[in-house]
Amino acid sequence: MNKKKKNGLKWVLLVIVLIITAFTVTMVACGLFKEKGSEKAAEEQGKTAEEELYDAGSLSDTGLGGIGDVSIDTDEATIDFDLSDLPDTMEPCGICSYDGCLYITDSFSKCVWKASADGIDILAGADSSRDIYDKPQGGYNDASLTEALFKLPWTVTPFLGGIAVSDTENNAIRLINDDRVDTINSANGTDEYNYPTGITSDGAGHLFVSDTHSDSVKIVSEDGTVSTFIDGLDSPMGLSFNSGYLYIAETGKNRIIKVNATDVSSKKSSSDIELVAGNGEEGFKDGATPEASFSSPKGIAVAGDGTVFVADTVNSAVRLIKGGQVSTLNIVDERIPDAELVSPIGICIQGRRLYICDNFGKKIYTADL
């Protein structure tokens, strides 16, 4: 075969190889396109489903366990509070419901707000000096409602006919009662607190205090005696009392526990702890209560029927514990439909309505149960 024919054959073979290669690449590309198209369609379908969840002005359960719409068993009437007059600067931290009113701590203005059927106004906490960023610095002053000063009012709870306030940076528990703010001094005569945060009462003259930096929960008796209810915890914060049990958001261990508190005459130990939910690892996982995970839960509210709501702070979420399952709730507020939770801390139930204090987001979310 001469040289020209050999060169011609090489060119024919080269063209055939190029055609086969182009065909193969085209088929692969089409396959990838179809795969990505399917992924996109699935993604759009997911978005549509998600949008449908946000269509209602109530709570929808999106976690595991097939709980469906969230409901609680309560006979308490739901009260409509108008919170629209709260200032934009407000940093809501703690919240409680008592005697037909809402009480809310404001970590920006260093005060306590009171909402009633007649409106909302500052209950206690005077103006204080401001820093270079125009933020009130607060202080420490037992006085009338308009002259008292708080340093960091963290949360509130009913106690002894008034409203107890955990004044965290003052390492004090304050009591709003009879048009005054006073410190609940220890009858023991010692410095009892090291960064008190969550508080709750049992309705029988005992106030439970999460003493976060001492890794313990203290108990204040009606006569002012302060003792340790349980220690050896890891940065406990949110507290709630229900049916003889003290529920604790053990923030440092990313879990929810409870301790029988029907008898508070003696100190409790680790053997008295019952796990409510959380595997102890930081994470964001729904499912069976021992396997679910949280990330620095700081707030907790327990309904009369035992349903538990958790402000899962670092996960920017509200979690539901019910029927042995943990699920994540989509919180939708009709007043602010585009807003998303940032840093939920305080949480409480009034009637069939859930209130969530978003401290960093500077909002109070409401959702009907």
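Residues numbered from 1 in each chain as written. Predicted model: local features only at pLDDT ≥ 70, side-chain atom pairs only at ≥ 80, totals over all residues. Heavy atoms only, no water.

## Focus: the overall build of the chain
Using the following cut-off: A run of H or I in DSSP counts as a helix once it spans at least four residues, and a run of E counts as a strand once it spans at least two, with each numbered from the N terminus. In what follows, a contact means two residues having at least one pair of non-hydrogen atoms within 4.5 Å.
From N to C terminus, the chain includes one helix and 26 strands. Nonlocal contacts in the chain, meaning residues at least 24 apart in sequence, comprise 49% of its contacts between residues at least 6 apart.

## Focus on the sheet that holds strand β10 (residues 180-183)
Quick note on the threshold: The rule for pairing is simple: two strands pair if DSSP sees at least two bridges between them.
Spatially, β6-β10-β9-β8-β7 is the arrangement adopted by the five strands of the open sheet, whose pairing is antiparallel. The sheet is open, and its two borders are formed by β6 (143-144) and β7 (153-159), each paired with just one other strand. Pairing of β6 with β10 involves two bridges; the strand directions are antiparallel. Bridging across to β10, Ser 144 finds its partner in Arg 180.

## Examining the pattern of salt bridges
We apply this condition: What counts as a salt bridge is simple: a side-chain nitrogen of Lys or Arg found within 4 Å of a carboxyl oxygen of Asp or Glu.
Taken as a whole and judged by the stated rule, the model has twelve salt bridges. The salt bridge involving Asp 182 is made with Arg 180; its shortest N-O contact spans 2.9 Å. Where Asp 231 meets Lys 267, a salt bridge forms, and the shortest distance between an N and an O atom there is 2.6 Å. Taken as a pair, Asp 231 in the loop between β14 (226-230) and β15 (236-242) and Lys 267 in the loop between β17 (255-260) and β18 (273-277) lie far apart in primary sequence, 36 residues in all.

## Looking at unusual backbone geometry
Put simply, the test is: Buried means the residue's accessible area, taken with a 1.4 Å probe over protein chains only, is under 20% of the maximum for its type, while exposed means over 50%, and partly exposed covers the values in between.
Phi at Asp 215 is positive, roughly 55°, even though this residue is not glycine. With respect to the helices, strands and loops of the structure, Asp 215 is situated in the loop between β12 (207-211) and β13 (216-220). Accessibility expressed as a relative area gives 27% for Asp 215, which makes it partly exposed. Notably, Ser 316 is not glycine yet its phi reads approximately 55°, a positive angle. Residue classification places Ser 316 among the partly exposed positions, given a relative accessible area of 30%.

## So, the environment of Glu 274
Within the secondary structure layout, Glu 274 lies in strand β18. Residue class for Glu 274 comes out partly exposed when judged on its relative accessible area of 32%. In this structure the C-alpha to C-alpha distance between Glu 274 and Val 259, which are 15 residues apart in sequence, comes to 6.2 Å. For Glu 274, the residues in contact, after removing those within four places along its chain, are Tyr 245, Ile 257 and Lys 258.

## Focus on the packing of aromatic side chains
Applied cut-off: Stacked, tilted and edge-to-face pairs are distinguished by plane angle, under 30 degrees for stacked and over 60 for edge-to-face with tilted covering the rest, among Phe, Tyr and Trp rings (Trp via its six-membered ring) whose centres lie within 6.5 Å. Only when the NZ of Lys or the CZ of Arg is both within 6 Å of the ring centre and within 35 degrees of the ring normal is a charge said to sit over the ring.
What the rule picks out here adds up to three aromatic pairs. Look at Phe 208 and Phe 229: their rings are 5.2 Å apart centre to centre, the planes differ by 75°, and that puts the pair in the edge-to-face class. Taken as a pair, Phe 208 in strand β12 and Phe 229 in strand β14 lie far apart in primary sequence, 21 residues in all. Of the two residues, Phe 208 and Phe 229, both sit in the buried class. Measuring from ring centre to ring centre gives 6.0 Å for Phe 208 and Phe 241, while their planes differ by 10°; the resulting arrangement is stacked. A residue pair is termed long-range when its members are at least 10 positions apart, and Phe 208 in strand β12 and Phe 241 in strand β15 qualify at 33 residues. Looking at Phe 208, the relative accessible area reads 0%, which means it is buried. Taken together, Phe 208, Phe 229 and Phe 241 form an aromatic cluster joined through their ring pairs. Against the face of Tyr 245 rests Lys 258, its NZ or CZ located 4.4 Å from the ring centre.

## A few points about the pairing of strand β20 (residues 297-302)
Across the six residues of β20, five count as buried, placing the element largely inside the fold. Across five bridges, the pairing between β20 and strand β21 (residues 308-312) is antiparallel. Bridging across to β21, Gly 299 finds its partner in Ala 311. Adjacent in sequence and paired antiparallel, β20 and β21 are bridged by five residues, among which Gly 306 carries a positive phi angle near 95°.

Nothing here speaks to function; it is geometry throughout.
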